[in-house]
Amino acid sequence: MGNCEHLLVTADPDPLTPEGCQECLEDGMRWVHLRKCLECGHIGCCDSSPGKHATAHYKETGHPVIRSFERGEDWRWCFADQRLSQ
């Protein structure tokens, strides 16, 4: 297993919807955990949430790296390479 160049990204854009998952807020849905796209700042819900909006955002945009948007968590995930960085 090689290195993941996507996880070397140092950008940390401001969250577009710091109050929660963008799509869940629009649709009146609930989420479990939040993830932030490190390319554009989109806030989406995790795959344990009904909407799975963080994964949907990756599939729609191709933005590969998210980080946890949960207090006390500091990890990143690359969808493209299926790799975790802590």
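Note that the structure is a prediction, hence the values are computed from the model and not measured.

Trainee: Account for the sheet that holds strand S3 (residues 65–68), naming residues and giving values.
Mentor: Spatial strand order, S2-S1-S3-S4-S5: five strands in an open sheet with antiparallel pairing. At either margin of the open sheet sits one strand with a lone partner, and together these are strand S2 (43–45) and strand S5 (83–85). This sheet shows a mean twist of 30 degrees between the axes of neighbouring strands, independent of strand direction. Pairing between strand S4 (residues 76–78) and S5: three bridges, direction antiparallel. Residue Cys78 lies in a different strand from S5, and its bridge partner there is Arg83. Strand contacts of helix H2 (residues 53–61): strand S1 (34–37) and S2, with the helix running at about 120 degrees to S2, the strand carrying the most contacts.

Trainee: Break down the environment of Pro15 for me, citing the residues and quoting the values.
Mentor: With respect to the secondary-structure elements, Pro15 resides in the segment before helix H1 (22–27). Taking the C-alpha atoms as reference, Pro15 lies 15 Å from His63; in sequence the two are 48 residues apart. Once residues lying within four places of it in the same chain are set aside, the contact partners of Pro15 are Lys36, Gly41, Ile43 and Phe69.

Trainee: Describe the pattern of salt bridges, with residues and values.
Mentor: Pairing is possible between side chains that carry opposite charge, provided their charged atoms lie close to one another. Evaluation of the coordinates by the stated rule reveals two salt bridges. In this structure, the salt-bridge partner of Asp12 is Lys36, at a minimum N-O distance of 2.6 Å. Of this pair, Asp12 sits in the segment before H1 while Lys36 is found in strand S1, placing the two residues 24 residues apart along the sequence. One salt bridge in this structure joins Asp12 and Arg67, with 3.5 Å as the shortest N-O distance. Placement of Asp12 in the segment before H1 and of Arg67 in strand S3 is noted, with a sequence separation of 55 residues between them. Taking relative accessible area as the criterion, Arg67 reaches 19% and is therefore assigned buried. Taken together, the shared-partner salt bridges in this structure form one network comprising Asp12, Lys36 and Arg67.

Rules used in this analysis
- Residues numbered from 1 in each chain as written.
- Predicted model: local features only at pLDDT ≥ 70, side-chain atom pairs only at ≥ 80, totals over all residues.
- Heavy atoms only, no water.
- Pairing = 2+ DSSP bridges.
- Helix = DSSP H or I, 4+ residues; strand = E, 2+ residues; numbered from the N terminus.
- Axes fitted to C-alpha atoms, helices over the stretch in contact; angles between N-to-C directions.
- Contact = heavy atoms within 4.5 Å.
- Salt bridge = Lys/Arg side-chain N within 4 Å of Asp/Glu carboxyl O.
- Buried < 20%, exposed > 50% of the residue type's maximum accessible area, 1.4 Å probe, protein only.

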